[in-house]
Amino acid sequence: MQRSAPSIQVGDFRVTSVRAGSYWWDGGTFFGVVPKTLWAKTQPPDELNLIEAGFNCFVVEDGKQRILIETGGGVRHDDRAKERMRTPDPVRIREAVAAHGFEPESIDLVINTHLHWDHAGGNTVDEGGRVVASMPNARYIAQRGELDHARERHPRDSVSYRDVNYEPLLESGQMQLIDGDAEILPGLRLTVTPGHNRSMMIVTLESGRETWCHFADLVQFAVNVTPTWVSGFDLYPLEAIDNKTRILTQAAAEGWWCSFGHEPVKNFGKVENKEGKWRTI
Ligand SMILES: [Zn+2]
C-alpha cells in the first residue's frame, strides 16, 4: 500500500503528518470483537499476532502559530518492551518534527488528545538529570478530566499512564488543563468525545470551507471507520459507536479530511458510506 502525502492545505492552515515511528502490538487488542479473519485482511499480523501501529502526530500551522498534536510514544521503554514492540530505536519527537523542518523551539502549542503513553510519551525529555518539556517554548493542553482519570490509576488502564509525561509540565506551569470543549484558534476546536475513554478529545480544523478532523483513538486505523469496529481498549464501546456514527456521518457528508490515531500507512483520507458500507478513500 502506498504511503500518502505528508501534508494537506485546509483553508489558511497547513497540516503535516509527523509520524513518530511505529510499534507492533497485538492485533486482537486493537480490534476487540471484530473477527481476525476480517481485520487481518488490512492489518496483516506477524507470527506473534502483532500488527503495525503508527505513533501519529500532526503539526498545524497558519504562518503565525505552530501547533503540535500528540507527541508519540517517547523513548522511555526498557529493553523487553522495545523488543516486544519491535522498536529497538524509538523515534524522538524532537527529531521527528525537525525532520519536517519544524524546530522544537518553534512549536507554540502542544495538544494531547488524551494522556495515554502512546500519545503523550514524547511530552518530556531527560536533560542533565532533569525532566523538561520536549517542546521548550510550548504551552501544553490536556483535559482536566483526563488528568483526574490518569491520577486515579484504575486497574483497567493504569498501564497507559506515566507521571513523567505530564506531572513535570504541570509543576512547571507549562501544561494547561481545560474543562470540556475549547476553540484554541478560530476554526481549531477540541471536542471531548467519549468512547475510547471518558475525556479523550478529537481535533477539528475548519477553514476556507475545508475541514480536517484528527479522530485520535476514536478511530485508530483507517479500517475502523466502520462504526462498530471499535477497539478492544475502549472503556465505553457503546458511546464510541454512537459518537463515531454521528461524526463520521458528518465527515462523509461534508467531505472532511480525516486522520486516525494509529493508522500506519494513510496520513489523510476521506470517508464514504455507500449503502451502509464504510470505507476510507
Ligand atoms: Zn493510542
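Everything discussed here concerns the structure shown above.
Residues numbered from 1 in each chain as written. Predicted model: local features only at pLDDT ≥ 70, side-chain atom pairs only at ≥ 80, totals over all residues. Heavy atoms only, no water.

Draft legend 1. Quick look at the sheet that holds strand β7 (residues 109-111). Across the sheet, which stays open at both edges, the seven strands sit in the order β1-β2-β5-β6-β7-β10-β11 with mixed pairing between neighbours. With partners counted over all chains shown, the strands left at the sheet margins are β1 (7-10) and β11 (175-178), one partner each. When the angles between neighbouring strand axes are averaged without regard to direction, this sheet yields 25 degrees. As paired elements, strand β6 (residues 66-69) and β7 share three bridges and run parallel to each other. Among the inter-strand pairings, leucine 68 is bridged to a residue of β7, identified as valine 110. Lying on the sheet, helix α6 (residues 144-152) is in contact with β10 (139-143) and β11; it crosses β10 at an angle near 75 degrees. (Pairing = 2+ DSSP bridges. Helix = DSSP H or I, 4+ residues; strand = E, 2+ residues; numbered from the N terminus. Axes fitted to C-alpha atoms, helices over the stretch in contact; angles between N-to-C directions. Contact = heavy atoms within 4.5 Å.)

Draft legend 2. Focus on the pairing of strand β5 (residues 58-61). Across the two faces of β5 the burial is the same, with Phe58 and Val60 and Val59 and Glu61 all buried. Sheet analysis places strand β2 (residues 13-17) next to β5, joined by four bridges and oriented antiparallel. Residue pairing for β5: valine 15 is matched across the bridge by valine 60. Direction of pairing for β5 relative to β6: antiparallel, over a ladder of four bridges. (Buried < 20%, exposed > 50% of the residue type's maximum accessible area, 1.4 Å probe, protein only.)

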